[in-house]
Amino acid sequence: VMAIGKLIAEAAVAQGMNATWLPTYGAEVRGGVANCCCVLTEGEVVSPVVVEPNELILMNEPSFHKYLPMAAPGALVLVNSSIVSERVEGDRRAVYVPCVAIADELGSAKTANMAMVGAYAAATGYLKEETLEELLRGMFTGPKAALVERNMQAMRRGAECVVRG
């Protein structure tokens, strides 16, 4: 979740927007309800704290139950459908992305978050694939450079979930 938020914020800045990334580290362990807030705007960032998100990414069941009620009416809610079996109800727009299944098909569980980044980019239209790839190339250098293409494949597969519904 932290990597998702950080990459989204960095991509927004690389594209000329103003952005903040505010991680919250608590007593949670992997799979818990750790979270981060991102604010992306063309204007001034008034506060890095998000109380009623317009976009919400939910990667597991505990996060679904804790954070979904905070989403603004009409919010875009992206759900990791590999782990979360429940459905978003009401006036929110839901996109279901089988992040873990995509990562497993690509042979690397660590790419599940990148599938969600791809879905987010496709659903919002905020981030360009070229920007995300450039940032990944900066993250994965030397012997890890081979990871760029697998992560980009995960992003493309996540984006397809939005295009196909």
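What counts as what
Residues numbered from 1 in each chain as written. Predicted model: local features only at pLDDT ≥ 70, side-chain atom pairs only at ≥ 80, totals over all residues. Heavy atoms only, no water. Phe/Tyr/Trp six-rings, centres within 6.5 Å; stacked < 30°, edge-to-face > 60°. Buried < 20%, exposed > 50% of the residue type's maximum accessible area, 1.4 Å probe, protein only. Lys NZ or Arg CZ within 6 Å of the ring centre and 35° of its normal. Pairing = 2+ DSSP bridges. Helix = DSSP H or I, 4+ residues; strand = E, 2+ residues; numbered from the N terminus. Axes fitted to C-alpha atoms, helices over the stretch in contact; angles between N-to-C directions.

Draft legend 1. The packing of aromatic side chains, seen in detail. If you walk through the whole model with that rule in mind, you get 1 aromatic pair. Residues Tyr120 and Tyr126 carry aromatic rings whose centres are separated by 6.2 Å and whose planes lie at 65° to one another, so their mutual orientation is edge-to-face. The exposure class of Tyr126 is partly exposed, given its relative accessible area of 33%. Residue placement shows Arg87 over the ring face of Tyr96; its charged tip is 3.6 Å from the ring centre.

Draft legend 2. Structural detail: the sheet that holds strand β3 (residues 55-58). On the basis of which strands lie adjacent, the open sheet formed by 3 strands has the order β3-β4-β5 and parallel pairing. Edge positions in the sheet fall to β3 and β5 (93-97), since each has one partner strand and no second. Across the sheet, the axes of successive neighbouring strands diverge by a mean angle of 15°, strand direction being ignored. The sheet contact formed by strand β4 (residues 76-80) and β5 spans 5 bridges and is parallel. In the sheet register, Val79 faces β5, and the bridge partner there is Tyr96.

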